[in-house]
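As a plain string of letters, each chain reads:
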Amino acid sequence: MIVKSLGMLSLGHVSLDGSKFYANTSKHKAASYKKLKENEAKLTKEIDDLLKKAEICDDAEDKIYHNGKGYSIPEDLKIKEKRLAKIKKVKKALENRERKADPTEDIKDSSQISYADSEAKIMKHKGGFDYCYNGQISVDSNSQIIVGQHLTQNENDKKEVEKALCEIEDNTGKVPDKMSLDNGYMSSGNISALAGAKVDAYIAAGKGEKDSLPDKIGKLNFSHDSSKDIFICPAYVVLKLKSIGENRVYKAEEMVCGGCSFQKMCSVKRNDIATIYTDDKGIILATIKEK
């Protein structure tokens, strides 16, 4: 980088953040995986029926005129075949995209893809949902110069640190000494990447800094007893492990939370029950699970 040769980069402290960028398409030019499968089956049957009818018609004409095979393909058959080829192409693109993102997960019927841009994904953006890309930008705090950037199809930032560190190192020849990130980067994968690169990282504790307010009880106020695998709230109420899936879910008993004197102060309630989510490495996630 030219700025590096001019001594303008320190890489003492780098900030990483993501932002959604609209894709060159719209929600009106899209279909779900379920709809693509249904349309593929429907068109395949319609084409088969048309071919059978054409074959019967041709055989009948051949018996009368004795001119052998050679009927022309009906125009509606051409249109259906062209549409079926498009659906198969888009369906294959969706399958490849989803399997690349997570080879172990079955493709959900609700997964959507745009006909105009098969790589873009539906993401939450500005209070709604639209086809976007998640742009990741790393900035040197001293010079305010961008030292790394990449686009991702991931809706959130929980898998982006390793790629960001590689970009910074490729562009500058080294990784930063320190790095600041918001709470969206709180994941075991990101923390492992930072630890592996020996970066002194600072990740925000929670949204709205609720955990630091004197009149609020947030997830950082809950202690974890690893020997019993339980969380304990400031009122000494136990949150037991209730389920293990994509995340581990710990909950208190409903009747206990209902009579708790700290209930109005508690910011980790879901349906009035104290709830904590962690990933498989024990990292505390948002109290309401994010996709």
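See the structure printed just above.
All values derive from a computational prediction rather than experimental measurement.

For the protein chain, the helix and strand inventory stands at six helices and 14 strands. Buried positions account for 33% of the 291 residues belonging to the protein chain. If you take every contact in the protein chain between residues at least 6 apart in sequence, the share linking residues at least 24 apart comes to 55%. Total accessible area computed for the protein chain in this model is approximately 17900 Å², and 52% of it derives from carbon and sulfur atoms.

On to the environment of Glu169, then. Turning to its location among the elements, Glu169 is positioned in helix α4 (residues 161–172). Spatially, the C-alpha atoms of Glu169 and Gly148 are 8.5 Å apart, while their sequence positions differ by 21 residues. Leave out the neighbours within four places in its chain, and Glu169 touches Lys174 and Val175.

Unfilled space is identified by rolling a water-sized probe across the atoms. Counted according to the given criterion, the structure contains one cavity of 30 Å³ or more. The calculated volume of the largest cavity comes to roughly 130 Å³. Lining the largest cavity are 14 residues, and of these Cys233, Cys257, Cys260, Cys266 and Ala274 lie nearest its centre.

What follows covers the pairing of strand β6 (residues 146–152). As paired strands, strand β5 (residues 128–140) and β6 are joined by six bridges and run antiparallel to one another. Pairing of Ile137 across the sheet is with Gln149, part of β6. The antiparallel pairing of β5 with β6 creates a hairpin that spans five residues between the two strands, and Gln144 there sits at a positive phi of about 60 degrees.

The subject of this paragraph is helix α3 (residues 75–101). In this model α3 runs 40 Å from its N-terminal to its C-terminal C-alpha over 27 residues, within 8% of the 39 Å that 1.5 Å per residue would give. All of the buried residues along α3 are Leu77, Leu84, Ile87, Val90, Lys91, Leu94, Glu95, Arg97 and Glu98.

Mapping Arg97 onto the fold places it in helix α3. Setting aside residues up to four positions removed in sequence, Arg97 forms contacts with Gln112, Ile113, Ser118, Glu119, Ala120, Lys121 and Gln153.

Turning to the sheet that holds strand β10 (residues 230–232), a few remarks are in order. The strands making up a sheet are joined through hydrogen bonds of the backbone, oriented either antiparallel or parallel. As summarised here, the arrangement of the six strands in space is β9-β10-β11-β12-β14-β13, forming an open sheet in which the pairing is antiparallel. Two strands close off the open sheet at either side, each with one partner strand: β9 (223–225) and β13 (269–270). Sheet analysis places strand β12 (residues 248–251) next to strand β14 (residues 273–278), joined by four bridges and oriented antiparallel. In the strand pairing of β14, Val249 is matched with Tyr277.

For the rest of this paragraph, the subject is the pattern of salt bridges. Scanning all chains against the criterion turns up eleven salt bridges. Ionic pairing is found between Lys80 and Glu46, a salt bridge with its closest N-O pair at 2.8 Å. Of this pair, Lys80 sits in helix α3 while Glu46 is found in helix α2 (residues 33–65), placing the two residues 34 residues apart along the sequence. Between Lys163 and Glu167 there is a salt bridge; the shortest N-O distance is 3.6 Å. With Lys163 and Glu167 both in helix α4, this residue pair falls four residues apart, about one helical turn. One network of salt bridges, with partners in common, ties together Arg97, Glu98, Lys121 and Glu155.

Calculation notes
Residues numbered from 1 in each chain as written. Predicted model: local features only at pLDDT ≥ 70, side-chain atom pairs only at ≥ 80, totals over all residues. Heavy atoms only, no water. Helix = DSSP H or I, 4+ residues; strand = E, 2+ residues; numbered from the N terminus. Buried < 20%, exposed > 50% of the residue type's maximum accessible area, 1.4 Å probe, protein only. Contact = heavy atoms within 4.5 Å. Areas by Shrake-Rupley, 256 points an atom, 1.4 Å probe, with all protein chains shown as cover. 1 Å grid on protein atoms, 1.4 Å probe; cavity = no way out; pocket = protein on both sides within 12 Å on 5 of 7 lines; lining within 4 Å. Points joined across faces, edges and corners; volume = space filled by probe spheres on them. Pairing = 2+ DSSP bridges. Expected span 1.5 Å × (residues − 1). Salt bridge = Lys/Arg side-chain N within 4 Å of Asp/Glu carboxyl O.

Bear in mind that shape data such as this cannot, by itself, settle questions of function.
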